[in-house]
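Structural overview
So you can see what is in the structure, the chains are spelled out below.
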Amino acid sequence: MDIEKTIKNLESRGFKVSYFATGAEAADYVCGAVGGGSVGIGGSKTIEKLGLYERLSETNDVYWHWRTPGAETLRQEISADYFLSSANAISEDGEILNIDGTGNRVAATLFGHKKVFIISGTNKICPDFDSALHRARNVAAVLNAKRFDIKTPCKLDGKCHDCRSPQRICKALTVLWGPMGGMETEVVLIGEELGY
């Protein structure tokens, strides 16, 4: 994993990039960088581990379906001023990959916010697009499937089968090759193993 190359390539694609050695430093930074307003959070073990929901809720209206389940919360997430997500994989070439089953997380990284933060441990950096796609499908998606009481082949043997299971949780893939028009996207990289 080449962190310097990854940062350089993310920046050359137009992403703002901040790097922190620890999750605690990154959490302090994100809390300071989020201005007043509403915050939406996509499903993320990384963000959960950093305690960002609790910290940001002290001074902002924060919407996260992991804390308040329901369709209304999902709508509030994707229309908030700021949106926080992680990545399933980031290539050293600067591509950001995410897989989603409901669509709220990937949709919210594409449109409608003042700013999007992609918060990721360096464990998600992969050498190229193909290895990043493999990681997203065979590591992140599989580990997420194992968290739920669902019946998918990947949950049983730990690898993606591109299944047609009605309980499939990987129904969409997005690749950010650059920030979406009219919306700043900042990648917050953390020199720790965080999330899936």
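Below is a summary of the structure that appears in this document. Note that this is a predicted model, so its numbers are computed, not measured. (Residues numbered from 1 in each chain as written. Predicted model: local features only at pLDDT ≥ 70, side-chain atom pairs only at ≥ 80, totals over all residues. Heavy atoms only, no water.)

1. Concerning the nonpolar core
- One finds Val39, Ile41, Leu52, Leu56, Leu84, Ile119 and Val188 to be the most contacted residues of the largest nonpolar core, which totals 22 residues.
- Every element with two or more residues in this core is listed here: helix H2 (23-33), strand S2 (38-41), helix H3 (45-50), helix H4 (52-57), strand S4 (82-85), strand S7 (115-121) and strand S10 (184-190).
- Counting residues per element, this core draws most heavily on H2, which supplies four residues.
- Each residue touching Leu84, except ones within four places of it in the same chain, is listed here: Val30, Val39, Gly40, Ile41, Gly42, Ile47, Leu52, Leu56, Phe117 and Ile119.
- Core analysis: the second largest hydrophobic core is formed by 16 residues, Ile7, Ala87, Ile96 and Ala108 among them. (Core = buried A, V, L, I, M, F, W, Y, C linked by side-chain atoms within 4.5 Å. Buried < 20%, exposed > 50% of the residue type's maximum accessible area, 1.4 Å probe, protein only. Helix = DSSP H or I, 4+ residues; strand = E, 2+ residues; numbered from the N terminus. Contact = heavy atoms within 4.5 Å.)

2. Re helix H7 (residues 129-147)
- An ideal rise of 1.5 Å per residue puts 27 Å on 19 residues; H7 measures up with 26 Å between its terminal C-alpha atoms.
- Buried residues of H7: Ala132, Arg135, Ala136, Asn138, Ala140, Ala141, Val142, Asn144 and Ala145, and no others.
- Structurally, H7 contributes buried residues whose contacts are with strand S5 (89-91), strand S6 (96-100), strand S8 (125-126) and helix H8 (153-157).
- N-capping of H7 is provided by Asp128, with a side-chain oxygen placed 3.4 Å from the backbone N of Asp130. (Expected span 1.5 Å × (residues − 1). Polar contact = N/O pair within 3.5 Å; in protein donor to acceptor, adjacent residues only side chain to side chain.)

3. Considerations on the packing of aromatic side chains
- Within the structure shown, the criterion is met by three aromatic pairs.
- Centroid distance Tyr53 to Trp64: 6.0 Å. Interplanar angle 45°. Geometry classified as tilted. With Tyr53 in helix H4 and Trp64 in the loop between strand S3 (61-63) and helix H5 (71-78), this residue pair connects regions lying 11 residues apart in the sequence.
- A residue is classified by how much of its surface remains accessible, and Tyr53, at 17% relative accessible area, is buried.
- Overall, Trp64 belongs to the buried group, its relative accessible area being 1%.
- Taken together, Tyr53, Trp64 and Trp66 form an aromatic cluster joined through their ring pairs. (Phe/Tyr/Trp six-rings, centres within 6.5 Å; stacked < 30°, edge-to-face > 60°.)

4. Regarding the sheet that holds S3
- Strand order in this open sheet of six strands is S1-S10-S7-S4-S2-S3, and the pairing throughout is parallel. With one partner strand each, in any of the chains shown, strand S1 (16-20) and S3 form the two edges of the open sheet. Averaged over all neighbouring strand pairs, the angle between strand axes comes to 20°, with direction disregarded.
- Looking at chain direction, S2 and S3 are connected through three bridges and run parallel. From the neighbouring strand, Val39 faces S3, where its bridge partner is Val62.
- Strands in contact with helix H1 (residues 3-12) are S1 and S10; relative to S1, the strand with the most contacts, it is inclined by about 155°.
- In the packing of H2 onto the sheet, contacts are made with S1, S4, S7 and S10, and the angle to S10 comes to roughly 160°. (Pairing = 2+ DSSP bridges. Axes fitted to C-alpha atoms, helices over the stretch in contact; angles between N-to-C directions.)

5. Details of H1
- Every buried residue belonging to H1 is among Thr6, Ile7, Asn9 and Leu10, and all of these are buried.
- Turning to H1, the residues buried within the fold contact S1, S5, S6, S8 and S10.
- For H1, the N-terminal cap is Asp2; the gap from its side-chain oxygen to the backbone nitrogen of Glu4 is 3.3 Å.

6. Notes on the side chain of Arg105
- Examined against the element boundaries, Arg105 turns out to sit in helix H6 (residues 104-108).
- Of the side chains with opposite charge, Asp100 comes closest to the buried, unpaired Arg105, at an N-O distance of 4.5 Å.
- In terms of polar contacts, Arg105 uses its side chain to reach the side chain of Asn98, at 2.6 Å.
- If we skip the residues at most four places from it in the chain, Arg105 touches Gly42, Gly43, Phe83, Ser85, Ser86, Asn88, Asn98, Ile99 and Asp100. (Lys, Arg positive; Asp, Glu negative; His and termini not counted. Salt bridge = Lys/Arg side-chain N within 4 Å of Asp/Glu carboxyl O.)

7. A few points about the layout of surface pockets
- Here the largest pocket defines a volume of roughly 530 Å³.
- For the largest pocket, the lining is made up of 27 residues, of which Asp100, Arg105, Asn144, Arg147 and Phe148 are closest to its centre.
- Taken together, the elements giving at least two residues each to the lining of the largest pocket come down to H3, S6, H6 and H7.
- With four residues, H7 is the largest single contributor of residues to the lining of the largest pocket.
- Partitioned by chemical class, the residues of the lining of the largest pocket number 10 nonpolar, 12 polar and five charged. (1 Å grid on protein atoms, 1.4 Å probe; cavity = no way out; pocket = protein on both sides within 12 Å on 5 of 7 lines; lining within 4 Å. Points joined across faces, edges and corners; volume = space filled by probe spheres on them. Nonpolar A, V, L, I, M, F, W, Y, C, P; charged D, E, K, R; others polar.)

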